[in-house]
Each structure stands twice: as structure tokens, then as C-alpha cells.
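An overview of the molecular structure
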Amino acid sequence: MDIELFRRHGHEFVDWIADYFMNVEKLPVMSRVEPGEIKKRLPAAPPERGEPMERVFEDFKDIILPGMTHWQHPGWFAYFPANNSPASVLAELLTAGLGAQCMVWQTSPAAAELEETVMDWLRGMIGLPGGWSGVIQDTASNATLCALITAREASTEFESNRRGARDPLVVYASTESHSSVAKAVKIAGFGADNLRLIPADADFAMIPDRLEEAIVEDERRGLRPCAVVATVGTTSSGAVDPLRPVGEICRRRGLWLHVDAAYAGTAAVLPEMRRLLDGVELADSLVFNPHKWMLTNFDCSAHFVREPGTLIRTFEIHPEYLKTGRDAVVKNYRDWGIQLGRRFRALKLWFVLRAYGVEGIRDMVREHIRLARLFQSWVGARPDFELLAPVPLSVVCFRWNDGRKNEEELDLFNRKLLDEVNASGRVFLSQTALRGRFTLRLVVGQRTTEERHVRQAWELLTSAAERLKA
Ligand SMILES: *Cc1c(COP(=O)(O)O)cnc(C)c1O
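Residues numbered from 1 in each chain as written. Predicted model: local features only at pLDDT ≥ 70, side-chain atom pairs only at ≥ 80, totals over all residues. Heavy atoms only, no water.

Spatially, the seven strands line up as an open sheet ordered β1-β7-β6-β5-β4-β2-β3, and their pairing is mixed. Among the strands making up the open sheet, the edge pair consists of β1 (133-137) and β3 (195-198). Sheet twist, expressed as the mean angle between neighbouring strand axes with direction ignored, is 20 degrees. Relative to strand β7 (residues 301-305), β1 runs antiparallel, the two sharing five bridges. Bridged to Val-135 within β7 is His-303. (Pairing = 2+ DSSP bridges. Helix = DSSP H or I, 4+ residues; strand = E, 2+ residues; numbered from the N terminus. Axes fitted to C-alpha atoms, helices over the stretch in contact; angles between N-to-C directions.)

Let us now look at the environment of Ile-338. Relative to the helices and strands, Ile-338 resides in the loop between α11 (308-315) and α12 (346-381). The sequence separation of Ile-338 and Cys-146 amounts to 192 residues, and the corresponding C-alpha distance is 7.2 Å. Not counting residues up to four positions away in its chain, the partners in contact with Ile-338 are Asn-142, Leu-145, Cys-146 and Phe-315. (Contact = heavy atoms within 4.5 Å.)

Turning to the domain arrangement of the chain, a few remarks are in order. We note that the domain assignment places domain 1 (1-30 + 69-84 + 357-470) and domain 2 (100-343) within the chain. Using C-alpha coordinates to define each centre, domain 1 is positioned 29 Å away from domain 2. The partner domain 2 presents 28 residues to the 30 residues of domain 1 that form the contact. Of the roughly 2500 Å² buried where domain 1 meets domain 2, counting both sides, 68% is carbon and sulfur surface. Residue Glu-272 pairs with Arg-366 through a salt bridge whose shortest N-O separation is 2.8 Å. Summed over the shared surface of domain 1 and domain 2, the number is twelve residue pairs in polar contact (both at pLDDT 80 or more). Residue assignment for the side of domain 1 that touches domain 2 shows that the elements contributing at least two residues are α12, β9 (395-400) and β10 (430-434). (Domains from an automatic or database assignment. Buried area = accessible area lost by both parts, 1.4 Å probe. Salt bridge = Lys/Arg side-chain N within 4 Å of Asp/Glu carboxyl O. Polar contact = N/O pair within 3.5 Å; in protein donor to acceptor, adjacent residues only side chain to side chain.)

Next comes the structure, spelled out in C-alpha cells:
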């Protein structure tokens with residue numbers, strides 16, 4: 001493509017994105033296409049000759065857009081948010097233009113040094129101890145995998161001095177932990193049998209005494225307890241595992257503690273929410289996702305470690321073709337994770353932090369929490385709806401229940417209620433299971449969500465419930 005053409009289309013596309021931001025509310029949140037519908041409209045083979053950008057763009061609008069679910073819609077209440085922002089999108093454009101591959105310091109010194117700087121900023125923003133260091137990974141799943149591989153390595157280094165044991169290593173997490181923990185246990189080779197899911201209390205938080213009992217039992221059987229993954233902000237209900245007692249157990253018994261705060265970590269920017277991370281100084285690593293609730297478009301996951309030595313010893317490689325004269329004095333982030341090639345993710349985070357400021361991010365998070373509590377109060381005030389979990393942050397778990405149906409009928413009714421509300425195209429909520437019950441889940445976290453959108457969700461839910469009951 002000719003550069004002047006690029007300039008013209010670039011302006012046009014930025015205009016399109018600005019209009020999209022302004023008008024996304026008018027689109028149905030969840031795509032309405034049927035399976036296979038998009039693929040049917042795409043040719044089986046690529047074009048032999050290049051096509052004009054106008055044609056490609058027309059097809060983008062005509063074929064691709066209807067197959068998109070709109071995560072930036074203010075009626076987004078499903079899963080967790082993946083909120084972006086104009087500042088982040090502009091930075092992504094610059095990143096693409098630079099096209100740099102930032103595997104080591106010299107392949108772009110600014111990328112390495114900006115990453116170090118913004119991770120230090122983030123560390124301070126969420127109140128992690130001063131000596132911790134951070135690295136940007138693609139996702140929390142990958143960060144947790146890196147943490148568990150590092151824990152395995154640390155335990156092996158330690159054990160090989162002692163007894164060179166070959167017994168299986170064991171990982172602990174609560175029954176409410178994210179599926180990425182089980183996946184990491186599989187990939188890292190612990191073996192699915194060596195993941196213990198520790199029971200949670202009535203508020204869905206890990207019970208520390210049960211953790212300790214499980215560790216003692218495994219030691220008694222000759223296994224080697226290796227790592228605990230504590231969740232701050234569980235995916236189902238936003239529950240918070242108590243880091244201090246869990247951390248004390250880990251320190252006392254020599255286990256690695258990794259904190260999965262993928263969603264809730266952002267809330268620690270609020271002084272009144274710092275208690276979420278109380279005891280974090282006892283942990284070895286933590287992950288949270290600026291790509292969920294901090295205005296930075298996917299992907300960008302912040303992985304922190306108490307001391308980087310073990311992480312680097314686990315992942316470093318030194319082939320001749322990657323050596324440089326500066327390796328002793330610079331950070332080469334290829335040694336801080338699995339991938340060699342790295343995107344320049346720090347740039348969008350830097351743009352976001354500067355465009356909004358810490359106060360701007362705090363304002364957004366505070367407002368989202370306020371809106372979730374408002375919704376919680378409406379649910380609590382209706383006799384035919386019930387809350388199914390506490391609301392520590394911005395996740396509300398609830399269902400319709402007029403007290404006259406059995407559990408099976410309630411599951412069915414609430415499933416229908418969810419489908420009906422989502423079919424409106426105005427909002428999108430998702431579901432989970434809590435104590436085996438079908439649970440509706442409303443999460444406030446989209447940048448542009450206002451009180452009127454939350455109110456609309458509630459009106460859609462109550463009116464659909466009336467219709468379904470009749
Ligand atoms: C979203 C989430 C994850 C997975 O995050 P990815 O970045 O998509 O891998 C892991 N843990 C928790 C608690 C989450 O909420």
C-alpha cells in the first residue's frame with residue numbers, strides 16, 4: 001500500500017473508531033450470528049492479487065462487524081470487563097507502526113526501560129512492597145503458569161540440596177480458583193492429581209485451616225507441598241482469599257505463594273480497598289490484569305515477583321546469537337517468562353496512566369463499585385430476587401426466586417431469564433454456578449457504563465421475570 005493511501009485510510013479508520021465509541025451503545029451487545037454464518041461469507045482461498053483497501057474495509061463492516069460481540073458497550077456486564085480507552089487505542093496504533101520486537105534490551109532500549117518504569121508505577125499504585133519487580137505478560141493464565149514453574153524450580157533447587165527427592169510436588173488452590181490454575185498445573189507437569197482444591201467458606205474464600213490440614217496430610221504421605229495459589233477476586237463471585245493467614249502458612253512450611261488478582265488487583269488503587277491485599281508481603285508473586293479493569297486494551301497482564309532471581313534462573317537462556325555486551329547491566333525481559341519475542345505492551349499502559357492519572361483510574365473504579373452496590377441494593381429489596389454471594393467489589397451474584405419453585409425449576413427459570421434479557425441486545429450478563437445453583441452474575445467494569453445502564457439491566461431483568469412467571 002502506498003504511504004499516502006495509508007495516511008488517508010488511517011485518518012478514515014480513526015474516524016470510524018471514534019464513531020464506534022460514540023455509537024456502540026446502539027448495537028446489540030452480543031453478536032446475533034449463528035455458528036458458521038461468518039465463515040460461509042468468507043472465501044475459501046486468499047485473493048491471488050491485492051485488493052483495494054476500500055473493498056476490504058467494506059467487508060469488515062458488512063461481514064465482520066455483525067459477528068462481533070461488543071465488549072466496549074456500556075451494557076457489558078458479562079464475565080469480567082476488558083475495557084479499553086482512546087489513549088490505549090492510540091498507543092496500540094503507534095506500537096503497530098513501530099513494529100518493534102522487544103525481546104532484549106538492545107532490540108529497543110526504550111521498551112525495556114519503559115516497562116520497568118510503568119511496572120514500578122503499578123507496583124506503587126496497588127501498594128505492593130517496595131522491593132518487588134514486575135514484568136508484563138500476555139495474560140494472567142501465562143503469568144500463573146510462569147509462577148508455578150518458578151515455584152517448581154525453587155522447590156527443586158531447595159530440595160536437591162537436602163534430599164534430592166523425586167516425590168511429586170503438590171499445588172493448592174481453593175475450589176473457587178480460576179481454571180487457569182488447573183491448566184497451569186497440567187502444563188507445568190505437576191500432574192492433575194497433584195492439585196488440591198481447598199474448600200471455601202460461606203463467602204467463597206479459601207479456609208486457611210483446611211489448607212494447612214491438606215499440606216500436613218500430603219507431607220505425611222511423603223509428597224512435597226510446593227505452591228499455593230490464592231485468589232483475590234474469584235471469577236465466580238469476586239471472593240477474596242485471606243492472604244495473611246494463607247501467607248503465614250506458606251512461610252512456615254516453605255511453600256511458594258502466588259496471588260491471582262487478575263480482576264480485583266485494580267481495585268487496590270483505592271486506599272479504602274488496600275485491605276484486599278493485606279498480607280501480600282508474605283507472597284512470592286502476584287498477577288493482575290490492566291487489560292480487565294484498567295483501560296488498557298487486551299492484552300496486558302502485570303506479573304510481580306518479590307525477588308526476580310528465581311524467576312530469571314527459571315527462564316533465562318544464553319544462546320550466542322542473543323548475547324550482548326550489556327547483559328550484565330540491563331533487563332532482558334525474554335528471561336522473565338516463556339516467550340522470546342515480546343510486544344511493546346508498556347507503551348499503551350504508559351499512555352493510559354498518563355492520560356487518566358492515578359486519580360482518574362480511582363474515580364472509575366470507585367464509580368463501578370458504587371454502581372454494583374446500588375444494583376445489589378435493588379436485588380436485596382425485591383422479595384422475588386435473592387443475592388447469592390457477598391459483593392466485595394463490582395460482581396453481583398443473584399437469581400430470581402419467589403420461594404415457590406424447587407432448585408431444578410429455579411435453575412431452568414433463571415437460565416431462561418438470562419437468555420431473555422441477553423436477547424434484548426441492550427445488556428449482556430453471564431452466569432456461574434455457586435453451590436451448584438445456576439447463578440446470574442452482573443459485573444460493572446466497562447469504562448462508559450453509567451447508572452442508567454445498570455438501571456436498564458435491572459428493569460429488563462424484573463420485567464422479563466414477570467413475563468416468564470405468567
Ligand atoms: C480472568 C481471570 C483469569 C484469566 O485471565 P487471562 O488474562 O484471560 O488469562 C485468571 N484468574 C482470574 C481470577 C480471573 O478473573
